[in-house]
Amino acid sequence: MLQKTNLAQVKSIAKMMLLMELHETEFSPAVVQHPFTSSGIAFIQENGETTLLNLVQKKEDLHTWQIMMSRQIEKAGDAFGIYMMVNKPYALAFLKFASPYLSREDFSKILSSA
């Protein structure tokens, strides 16, 4: 375990997971499986306007959402903040891939929450 978390590497892992494919379910587009969402429908706010995105049926909407999420990951001040963005079924996968870059304290905090 590291003495100090390498936050840049943790962000890099999260961004790689963000680019993973959406897995559709029988309830798609409403329900999907992905490391950062369980819904194929997302809302974003830009310039005071709310926009509905269909992540399953529109590639440009998926790309827009990924850019927005990447910005949120980049803004995160700590590893736990990034972990809190992760869809719960993917929590341990995130921990596995991020663990080489986590301090013992951050690893323990995320593991106890997962």
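Quick note: structure is the one above.
Note that the structure is predicted; figures quoted are calculated from it, not measured. The residue count restarts for each chain, going from 1 along the sequence in the order it is written. Two thresholds apply to this predicted model, a pLDDT of at least 70 for residue-level local features and 80 or more for giving and counting side-chain atom pairs, whereas whole-chain, interface and lining totals are computed over all residues. Water and hydrogen atoms were dropped before computing side-chain values, which therefore reflect all heavy atoms in the structure.

Draft legend 1. How the structure looks around the nonpolar core. To define a nonpolar core, start from buried Ala, Val, Leu, Ile, Met, Phe, Trp, Tyr and Cys residues and group those joined through side-chain atoms within 4.5 Å. Relative accessibility decides the category of a residue: with a 1.4 Å probe and only protein chains considered, values under 20% of the type maximum give buried, values over 50% give exposed, and everything between is partly exposed. In this structure, Phe36, Trp65 and Phe94 are the most contacted members of the largest nonpolar core, which totals 28 residues. Secondary-structure elements contributing two or more residues to this core are α1 (7-18), β3 (41-46), α2 (59-75), α3 (79-83) and α4 (91-98). It is α1 that provides the largest number of residues to this core, a total of five residues. If we skip the residues at most four places from it in the chain, Trp65 touches Leu18, His34, Phe36, Thr37, Ala42, Leu53 and Leu55. The helix count covers DSSP runs of H or I at least four residues long, the strand count covers runs of E at least two residues long, and both are numbered beginning at the N terminus. Contact definition: two residues touch when any of their heavy atoms are within 4.5 Å.

Draft legend 2. Main features of the environment of Glu105. The topology assignment puts Glu105 in helix α5 (residues 104-113). Since its relative accessible area comes to 66%, Glu105 is described here as exposed. A C-alpha to C-alpha distance of 15 Å links Glu105 and Gly77, two positions 28 residues apart in sequence.

Draft legend 3. Inspection of the packing of α1 against α2 at higher detail. Under this scheme, a helix contributes an axis fitted over its contacting stretch, all axes are lines through C-alpha atoms, and angles between N-to-C directions fall in the 0 to 180 degree range. Between α1 and α2, whose axes approach to 10 Å, the crossing angle comes to 165°. With respect to α2, the axis of α1 lies roughly antiparallel. Here the hand of the crossing between α1 and α2 comes out right-handed. Together, Lys11, Ala14, Lys15 and Leu18 of α1 and Trp65, Gln66, Met69, Ser70, Ile73 and Glu74 of α2 make up the contact between the two elements. Of the residues belonging to the contact of α1 with α2, the class tally is five nonpolar, two polar and three charged. For classification purposes, angles smaller than 35 degrees are called roughly parallel, those larger than 145 roughly antiparallel, those between 65 and 115 roughly perpendicular, and all remaining angles oblique. Crossing handedness is read from the near helix: turned anticlockwise from the far helix by less than a right angle, it gives a left-handed crossing, and turned clockwise, a right-handed one. Classification convention: Asp, Glu, Lys, Arg as charged; Ala, Val, Leu, Ile, Met, Phe, Trp, Tyr, Cys, Pro as nonpolar; all other residues, Gly among them, as polar.

Draft legend 4. Expanded view of the packing of aromatic side chains. Aromatic pairing here means that ring centres of Phe, Tyr or Trp (its six-membered ring) are within 6.5 Å. Orientation follows from the plane angle: under 30 degrees is stacked, over 60 is edge-to-face, and everything else is tilted. Within this structure, the stated rule accounts for one aromatic pair. Seen from their ring centres, Phe80 and Tyr83 are 5.4 Å apart, and the 45° between their planes marks the pair as tilted. With Phe80 and Tyr83 both in helix α3 and three residues apart, this pair spans about one turn of that helix. Placement of a positive charge over a ring is assigned whenever Lys NZ or Arg CZ falls within 6 Å of the ring centre and within 35 degrees of the normal to the ring plane. For Lys109, the ring lying beneath its charged end belongs to Phe80, and the centroid distance is 4.6 Å.

Draft legend 5. Seen up close, the pairing of β3. Pairing of β3 with strand β4 (residues 49-54) involves six bridges; the strand directions are antiparallel. Counterpart to Gln45 in the pairing with β4 is Thr50. The rule for pairing is simple: two strands pair if DSSP sees at least two bridges between them. Where β3 folds back on β4, the antiparallel hairpin that results is connected by two residues, among which Asn47 adopts a positive phi of roughly 55°.

Draft legend 6. Structural context of unusual backbone geometry. In this structure, Pro29 follows Ser28 across a cis peptide bond, with omega equal to 15°. In this fold, Pro29 is placed in the loop between β1 (23-24) and β2 (32-33). A positive phi angle, close to 55°, is found at Asn47, a residue other than glycine. Looking at the secondary structure, you find Asn47 in the loop between β3 and β4.

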